[in-house]
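Each chain, written out:
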Amino acid sequence: MPPRRTHADRRGAFALRAAAPAAAALLLACACGARAATWRSTWTAPGAAFQGAARESFEAARAALDAGRRSEALERLRRLQGEAPGNLEVGAWVQDLEALLLEAGVDVFAPRFTLSADPPDDVLRRAYGAGAADAPTAPSLVLAARAETDVIAALSALDRALELDPTSAWAHYGRAHVLLADRTRVDRWTVARTALERALELDPGHLRARRLEAWMAGQEGDRDGAERLLARWLDVVEDDARVARSDYVDALLDFAHHLLLRGETGRAVRILEDLEGEAHARPRRLMLLTVARQEAGDVLAALETALAAQAASRGTVLPLVQEALLQELFLDAPEEADARWAEIAAATRDARGISELIQGVRARVRLERRSLK
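What counts as what
- Residues numbered from 1 in each chain as written.
- Predicted model: local features only at pLDDT ≥ 70, side-chain atom pairs only at ≥ 80, totals over all residues.
- Heavy atoms only, no water.
- Helix = DSSP H or I, 4+ residues; strand = E, 2+ residues; numbered from the N terminus.
- Buried < 20%, exposed > 50% of the residue type's maximum accessible area, 1.4 Å probe, protein only.
- Contact = heavy atoms within 4.5 Å.
- Areas by Shrake-Rupley, 256 points an atom, 1.4 Å probe, with all protein chains shown as cover.
- Polar contact = N/O pair within 3.5 Å; in protein donor to acceptor, adjacent residues only side chain to side chain.
- Expected span 1.5 Å × (residues − 1).
- pLDDT = per-residue confidence, 0-100.
- 1 Å grid on protein atoms, 1.4 Å probe; cavity = no way out; pocket = protein on both sides within 12 Å on 5 of 7 lines; lining within 4 Å.
- Points joined across faces, edges and corners; volume = space filled by probe spheres on them.
- Nonpolar A, V, L, I, M, F, W, Y, C, P; charged D, E, K, R; others polar.
- Salt bridge = Lys/Arg side-chain N within 4 Å of Asp/Glu carboxyl O.
- Phe/Tyr/Trp six-rings, centres within 6.5 Å; stacked < 30°, edge-to-face > 60°.
- Lys NZ or Arg CZ within 6 Å of the ring centre and 35° of its normal.
- Axes fitted to C-alpha atoms, helices over the stretch in contact; angles between N-to-C directions.
- Parallel < 35°, antiparallel > 145°, perpendicular 65-115°, else oblique.
- Left-handed = near helix turned anticlockwise from the far one by under 90°.

## With respect to the overall build of the protein
Assigned secondary structure in the protein consists of 18 helices and 0 strands. Across the 373 residues of the protein, 48% fall into the buried class. For the protein, the share of sequence-separated contacts (at least 6 apart) that also reach a separation of at least 24 residues comes to 59%. Taken as a whole, the protein presents about 17,700 Å² of accessible surface, with 51% of it coming from carbon and sulfur.

Encoded structure:
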């Protein structure tokens with residue numbers, strides 16, 4: 001999970017989440033034997049409370065969105081937002097759907113704002129910036145910050161939000177996200193962690209903050225902690241309409257990755273196989289499954305999965321690397337391996353990214369060593 005996603009990164013985040021029964025059954029049992037965190041999520045948290053029939057209305061909007069009826073979903077969500085303008089969960093979903101429709105060329109802000117030659121993110125930023133300027137409340141400033149593309153402007157909006165409401169868990173959570181994205185700060189992890197801890201003090205069941213907590217633990221090398229936090233998050237949010245299918249799948253893949261690092265290969269394989277047919281993050285899932293099957297000793301299945309990963313990962317070389325290693329180290333097929341290494345060397349000749357550059361060097365070294373034999 002990246003520290004802060006742009007609206008363009010949220011494409012495809014609204015697909016219907018199918019149940020993952022095998023994965024769900026494994027989660028808490030796999031969490032390193034550690035005691036799972038006991039936080040709970042509610043629908044009555046400050047800043048995201050659903051009163052009366054609001055929860056049913058929200059779930060109906062999500063159902064319309066999942067069915068591809070985006071305009072209907074936006075209408076339902078905006079109606080719900082009008083009834084509870086301070087509900088930032090609803091506001092965030094409205095904003096993300098507006099971003100998705102803007103990218104599709106739909107003028108969601110007419111007649112006040114009309115589409116221009118500007119990128120969709122700039123249209124969104126201007127619309128929410130104007131809204132916060134007209135009615136500067138803590139929720140409107142949080143949403144303005146969320147639409148911002150500039151770190152300094154986003155932090156400024158969040159600081160103003162906290163001046164108006166120091167107890168806004170959403171504002172503190174937003175600061176954690178933005179601070180993590182500010183690579184100019186040497187202390188960004190420390191200050192972001194402080195902001196996140198404050199958000200969780202104010203709202204222990206804040207689903208987005210809890211997900212960020214698990215991500216930060218993993219990035220800081222606390223594998224046991226990250227696995228435990230992910231297990232709890234996945235257990236709590238299953239079938240929760242406030243969590244996008246893509247976010248749930250990303251978390252499952254992170255969890256499977258942690259299991260692989262800990263040697264829990266069988267459990268990782270079951271979680272990954274249970275996601276068969278899932279479109280979101282398919283290349284990553286197949287790469288993880290390739291490694292898991294290889295570690296489990298099922299080399300032919302690993303090779304088959306590596307080939308599927310290649311088909312799903314056009315433009316990347318990691319699946320080719322995996323196939324080359326399988327051919328070379330496990331199937332005793334050096335000529336096939338050399339052919340894959342040659343493909344990798346050719347594909348990375350003009351590479352700029354560090355990962356592909358490394359794989360290109362690796363391929364050329366392999367080929368040169370082979371020619372010396």
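## Some details on unusual backbone geometry
Glycine aside, residues mostly have negative phi, and peptide bonds are mostly found in the trans state. Notably, Asp-239 is not glycine yet its phi reads approximately 70°, a positive angle. Along the chain, Asp-239 falls in the loop between α11 (223-237) and α12 (245-261). The class of Asp-239 is exposed, set by a relative accessible area of 61%. Here the phi dihedral of Ala-281 falls at roughly 55°; this positive angle occurs in a residue that is not glycine. Considering the arrangement of structural elements, one finds Ala-281 in the loop between α13 (265-274) and α14 (282-295).

## Focus on the side chain of Asn-87
Counting through the fold element by element, Asn-87 comes out in the loop between α3 (70-83) and α4 (88-103). Classification of Asn-87 by relative accessible area gives buried; the value is 5%. One polar contact links the side chain of Asn-87 to the main-chain carbonyl oxygen of Ala-49, over a distance of 2.9 Å.

## Describing helix α8 (residues 169-181)
Here α8 contains 13 residues, and its C-alpha end-to-end distance of 19 Å stays within 8% of the 18 Å for a straight helix at 1.5 Å per residue. A large share of α8 lies buried, amounting to 11 of its 13 residues. Taken together, the buried positions of α8 are Ala-169, Trp-170, Ala-171, His-172, Tyr-173, Gly-174, Ala-176, His-177, Val-178, Leu-179 and Leu-180. Where α8 is buried, its residues meet α4, α6 (138-147), α7 (151-164), α9 (188-202) and α10 (207-219).

## Structural notes on the confidence of the model for the protein
Averaged over every residue, the pLDDT of the protein is 82; the share at 70 or more is 77%. Contacts of residues 1-26 to residues separated by more than four positions or lying in other chains number 70 contacts, the stretch itself having pLDDT below 50. Considering only residues more than four positions removed or in separate chains, one finds that residues 28-36, a stretch of pLDDT under 50, has 18 contacts.

## A short note on the layout of surface pockets
Put simply, the second largest pocket is a space of about 450 Å³. Around the second largest pocket sit 20 residues that line it, and Gln-81, Ala-127, Tyr-128, Gly-131 and Leu-143 are the ones nearest its centre. Contributions of two or more residues to the lining of the second largest pocket are made by α3, α4, α5 (120-134) and α6. Class assignment for the residues of the lining of the second largest pocket results in 12 nonpolar, 5 polar and 3 charged.

## Some details on the pattern of salt bridges
Enumeration according to the criterion identifies 23 salt bridges in this entry. A salt bridge links Arg-175 to Asp-159; the shortest N-O distance between them is 3.2 Å. Taken together, the residues span a long stretch of sequence, with Arg-175 in helix α8 and Asp-159 in helix α7 at a distance of 16 residues. Classification of Arg-175 by relative accessible area gives partly exposed; the value is 21%. Judged by its relative accessible area of 34%, Asp-159 falls in the partly exposed class. Put simply, Glu-227, Arg-262, Glu-264 and Arg-267 are held in one network by salt bridges that share partners.

## Section: the side chain of Asp-240
Mapped onto the elements of the fold, Asp-240 is located in the loop between α11 and α12. One polar contact links Asp-240 to Arg-242, side chain to side chain, over a distance of 2.8 Å.

## Thoughts on the packing of aromatic side chains
Applying the stated criterion across every chain, the model contains 7 aromatic pairs. Consider the rings of Phe-58 and Trp-93, whose centres lie 6.2 Å apart with planes at 75°: the pair is edge-to-face. Taken together, the residues span a long stretch of sequence, with Phe-58 in helix α2 (residues 54-66) and Trp-93 in helix α4 at a distance of 35 residues. Summarising the burial analysis for this pair, Phe-58 and Trp-93 share the class buried. Through pairs of rings, three or more aromatic residues link up here, namely Trp-43, Phe-50, Phe-58 and Trp-93. Directly above the aromatic system of Trp-43 lies the positively charged group of Arg-242, at a separation of 3.9 Å from the ring centroid.

## Structural notes on the environment of Phe-50
Structurally, the position occupied by Phe-50 is in the loop between α1 (21-26) and α2. Each C-alpha atom, one on Phe-50 and one on Leu-80, is 9.6 Å from the other, the two residues being 30 residues apart in sequence. Residues within four places of Phe-50 in sequence aside, it is in contact with Trp-43, Arg-55, Phe-58, Leu-80, Asn-87, Glu-89, Val-90 and Arg-242.

## Description of the packing of α2 against α3
With their axes 7 Å apart at the nearest point, α2 and α3 run at an angle of 160° to one another. Relative to α3, the element α2 lies roughly antiparallel. The two elements α2 and α3 cross, and the hand of that crossing is left-handed. On α3, the residues that touch Ala-54, Ser-57, Phe-58, Ala-60, Ala-61, Ala-64 and Leu-65 of α2 are Arg-70, Glu-72, Ala-73, Arg-76, Leu-77 and Leu-80. Per-class residue counts for the contact of α2 with α3 are 9 nonpolar, 1 polar and 3 charged.

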